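Listed below, chain by chain, are the residues.
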Amino acid sequence: MGDKPIWEQIGSSFIQHYYQLFDNDRTQLGAIYIDASCLTWEGQQFQGKAAIVEKLSVSKGQGHAASSYFPALLATAHHPLFLLQSLPFQKIQHSITAQDHQPTPDSCIISMVVGQLKADEDPIMGFHQMFLLKNINDAWVCTNDMFRLALHNFG
């Protein structure tokens, strides 16, 4: 059976590193993005390292009033908490259920993650996230990042 292909090793290492940073110190996430990076978070688009780091940071002054962030998404994507630039929860914990990695023809790696998360006192929710990783100057960075909660709206 042998070792995993190099793209799976790199992808898995990146995923472990990303969620460790996200769960413990989101201020450090800027190190994995570049100025040309793009983030789509629940349909909202963010271009560039500074905009992405601002989105993923903890909102100042939001405190526990924002603990209803994810249930608000169940009601409507136009909820005031959803429209905040920064993420309004203080604590988050991700649990990865599955991850898949593929090499691309231009020597990048695409990684897809499925898992569960718990933010503040919100209920556990499923999520999907996709990353496109590129090696720039011997460092793997995220050029594209797409995140969605695993919500189903049958209404």
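Residues numbered from 1 in each chain as written. Predicted model: local features only at pLDDT ≥ 70, side-chain atom pairs only at ≥ 80, totals over all residues. Heavy atoms only, no water.

- The name given to the protein in an unreviewed UniProt entry is Nuclear transport factor 2, with the source organism recorded as Panthera leo.

**Considering the pairing of strand E6 (residues 139–149)**
Next up, step 1: Here strand E1 (residues 33–41) runs beside E6; their pairing, made up of five bridges, is parallel. Within E6, the residue paired with Trp41 across the bridge is Phe147.
Next up, step 2: Bridge analysis of strand E5 (residues 125–136) against E6 gives 10 bridges, and the strand direction is antiparallel. When the bridges of E6 are listed, Phe127 appears paired with Leu149.
Next up, step 3: Linking E5 back to E6 in an antiparallel pair, the connection comprises two residues, with Asn137 at a positive phi of about 55°. (Pairing = 2+ DSSP bridges. Helix = DSSP H or I, 4+ residues; strand = E, 2+ residues; numbered from the N terminus.)

**Thoughts on helix H2 (residues 49–56)**
Three or four residues apart is the spacing at which side chains of an α-helix point the same way, because the helix has 3.6 residues per turn.
Next up, step 1: All of the buried residues in H2 are Ile52, Lys55 and Leu56. Taken down its axis, H2 places every buried residue within 90° of arc, on the same side.
Next up, step 2: Contacts made by the buried residues of H2 are with helix H1 (6–24), E1 and strand E2 (44–47). (Buried < 20%, exposed > 50% of the residue type's maximum accessible area, 1.4 Å probe, protein only. Arc of directions from axis to C-beta. Contact = heavy atoms within 4.5 Å.)

**A word on the pattern of salt bridges**
Next up, step 1: Applying the stated rule across the entire model yields two salt bridges.
Next up, step 2: Notably, a salt bridge pairs Glu42 with Arg148, separated by 3.8 Å at the nearest N-O pair. A residue pair is termed long-range when its members are at least 10 positions apart, and Glu42 in the loop between E1 and E2 and Arg148 in strand E6 qualify at 106 residues.
Next up, step 3: For Glu42, a relative accessible area of 11% translates into the label buried.
Next up, step 4: You can call Arg148 partly exposed: its relative accessible area is 45%.
Next up, step 5: Ionic pairing is found between Lys91 and Glu121, a salt bridge with its closest N-O pair at 3.9 Å. Taken together, the residues span a long stretch of sequence, with Lys91 in the loop between helix H3 (69–75) and strand E3 (92–103) and Glu121 in the loop between strand E4 (109–119) and E5 at a distance of 30 residues. (Salt bridge = Lys/Arg side-chain N within 4 Å of Asp/Glu carboxyl O.)

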